[in-house]
Every structure is written in structure tokens, then in C-alpha cells.
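Here's the letter readout for the chains.
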Amino acid sequence: MEKEFPIIETSRLILREVKKEDAFDMFTYLSDIDVVKPMGLEPFQTVKDAWDEINWYTSIYEEGTGIRWGITLKDSGKVIGSCGFLNMLTKHSRAEIGYELSKDYWGKGIASEALEAVVKYGYHHYHLERIEALIEPANLSSQKLVEKQGFKREGLLRHYEFTCGKFDDLYMYSIIKEDFNLI
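Bear in mind that the values here come from a model prediction, so they are computed numbers and not experimental data. (Residues numbered from 1 in each chain as written. Predicted model: local features only at pLDDT ≥ 70, side-chain atom pairs only at ≥ 80, totals over all residues. Heavy atoms only, no water.)

Trainee: Describe in detail the packing of aromatic side chains, supporting the description with residues and values.
Mentor: This model, assessed by the stated rule, comprises eight aromatic pairs. Consider the rings of Y171 and Y173, whose centres lie 6.5 Å apart with planes at 85 degrees: the pair is edge-to-face. With respect to class, Y171 is no different from Y173; both count as buried. Every member of this aromatic cluster is reached through a ring pair, and the members are F5, Y61, W69, F85, Y121 and Y126. Across from the ring centre of Y171, 3.8 Å away, lies the NZ or CZ of R153, which sits over that ring. (Phe/Tyr/Trp six-rings, centres within 6.5 Å; stacked < 30°, edge-to-face > 60°. Buried < 20%, exposed > 50% of the residue type's maximum accessible area, 1.4 Å probe, protein only. Lys NZ or Arg CZ within 6 Å of the ring centre and 35° of its normal.)

Trainee: I'd like to hear about the packing of helix α4 (residues 110–125) against helix α5 (residues 140–148), residue by residue, with values.
Mentor: The contact between α4 and α5 brings their axes to 10 Å, and the two run at 45 degrees. It follows from the interaxial angle that α4 and α5 lie oblique. As for the relative orientation of α4 and α5, their crossing is right-handed in sense. Of the residues in α5, those touching α4 at A111, S112 and L115 are L145, V146 and K148. A breakdown of the residues in the contact of α4 with α5 according to their chemical character gives four nonpolar, one polar and one charged. (Axes fitted to C-alpha atoms, helices over the stretch in contact; angles between N-to-C directions. Helix = DSSP H or I, 4+ residues; strand = E, 2+ residues; numbered from the N terminus. Parallel < 35°, antiparallel > 145°, perpendicular 65-115°, else oblique. Left-handed = near helix turned anticlockwise from the far one by under 90°. Contact = heavy atoms within 4.5 Å. Nonpolar A, V, L, I, M, F, W, Y, C, P; charged D, E, K, R; others polar.)

Trainee: Tell me what's going on with the sheet that holds strand β2 (residues 13–16), and back it up with residues and numbers.
Mentor: With mixed pairing, eight strands are arranged side by side in an open sheet as β1-β2-β3-β4-β5-β6-β8-β7. Each having just a single partner strand, β1 (8–9) and β7 (152–163) make up the two edges of the open sheet. Direction of pairing for strand β3 (residues 67–73) relative to strand β4 (residues 79–89): antiparallel, over a ladder of six bridges. Paired with W69 across the two strands is C83, which belongs to β4. Against the sheet, helix α1 (residues 23–30) engages β4 and β5 (94–101), with an angle of about 85 degrees to β4. (Pairing = 2+ DSSP bridges.)

Trainee: Could you give an account of the environment of A117, with specific residues and numbers?
Mentor: Relative to the assigned elements, A117 resides in helix α4. Residues A117 and E9 lie 108 residues apart in sequence; the distance between their C-alpha atoms is 8.1 Å. Setting aside its immediate chain neighbours within four residues, A117 contacts I8, T10 and L15.

Coordinates in, geometry out; function isn't part of it.
This is how it looks when you write it as C-alpha cells:
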């Protein structure tokens with residue numbers, strides 16, 4: 001990983017490193033059941049939960065196993081979501097992508113704009129060949145989002161994760177570098 005945390009700029013967004021001072025903004029949306037349920041998380045109960053999330057972002061970056069950018073609007077700088085890679089396997093040139101966005105910003109194209117920028121960054125800077133997205137079957141909006149970006153559904157992973165006291169099936173989506181270049 002780079003020593004300096006990279007910043008990605010799009011027409012409306014700045015994707016940047018999340019800091020401790022962003023914890024309250026993160027807590028605001030990560031305490032919303034509608035935001036965290038598709039992620040297999042319980043709603044955050046305290047700002048300390050957001051600090052723990054920030055610490056996780058820092059640890060995956062330092063370990064070289066992932067990177068998570070805070071999604072901010074250019075005009076406010078407030079963190080309204082995050083997007084990034086986890087489970088990066090350099091040897092295999094692949095990573096999983098994850099994202100979430102405050103419900104206040106759903107349906108405005110922000111997640112799509114952030115996802116496209118992060119995928120592009122992964123291909124150009126991390127030399128990824130394959131990017132995967134694991135999505136619960138009930139999460140239709142997330143499925144539409146990745147399909148719009150060119151991801152293909154590969155199949156259903158039955159009882160793939162144990163979250164919130166139950167086993168979850170997940171769809172495996174992927175996009176390979178060749179697919180992305182066609183878009």
C-alpha cells in the first residue's frame with residue numbers, strides 16, 4: 001500500500017481517509033438499521049462503535065489487505081458513507097468491494113459515482129484483475145448498482161456468512177478488468 005493515503009476526486013465527491021473526528025457522522029448512518037442490515041451488522045449503539053470501525057479501516061490499510069475511503073460531498077466534507085476494498089489478495093490480483101451510504105443520500109447517484117471511482121482506482125493503482133461484490137439476495141438496490149457498473153452475477157453462495165445470529169446466502173458478483181474497459 002502507498003504510504004500516503006490516496007484521495008479520489010469525482011465531479012461531486014471527495015473520497016478520503018476517515019479520521020477519528022468523523023466518528024459522529026459515521027455513527028449517524030451506521031446506527032440506521034436500513035443502512036447496516038444488508039451489511040450483516042447490528043446498528044451501532046455508540047460513537048465508540050464508529051471508532052472501532054475507523055480502527056478497522058486503519059488496520060486493513062496498514063496490513064495491505066484493504067482500503068476504505070470515506071465518501072464526502074465536495075461542498076460539505078461530511079462523511080456520508082464509505083467505499084473500498086477488503087480481502088485484497090495481491091498474489092491473485094483480486095479484492096472484494098464494499099460500500100454503504102447514509103439513507104439521506106440514497107437515489108442520488110452518489111453510490112454509483114463512488115463505486116465507479118473506486119473500481120477504476122483498483123484497476124489502475126492496485127493492478128487488480130478481478131473485483132468481487134457479495135450481496136444478500138434481498139438487497140435489490142445493491143444488485144442493480146453493481147450491475148449498472150458492469151458486474152456480473154456468478155452464482156449463489158449458500159450459508160456463506162454467519163451474521164446477526166443467522167446464516168446468510170450471498171450472491172457473488174464480479175467484474176474483471178477486461179469487462180470494465182468495455183464500459
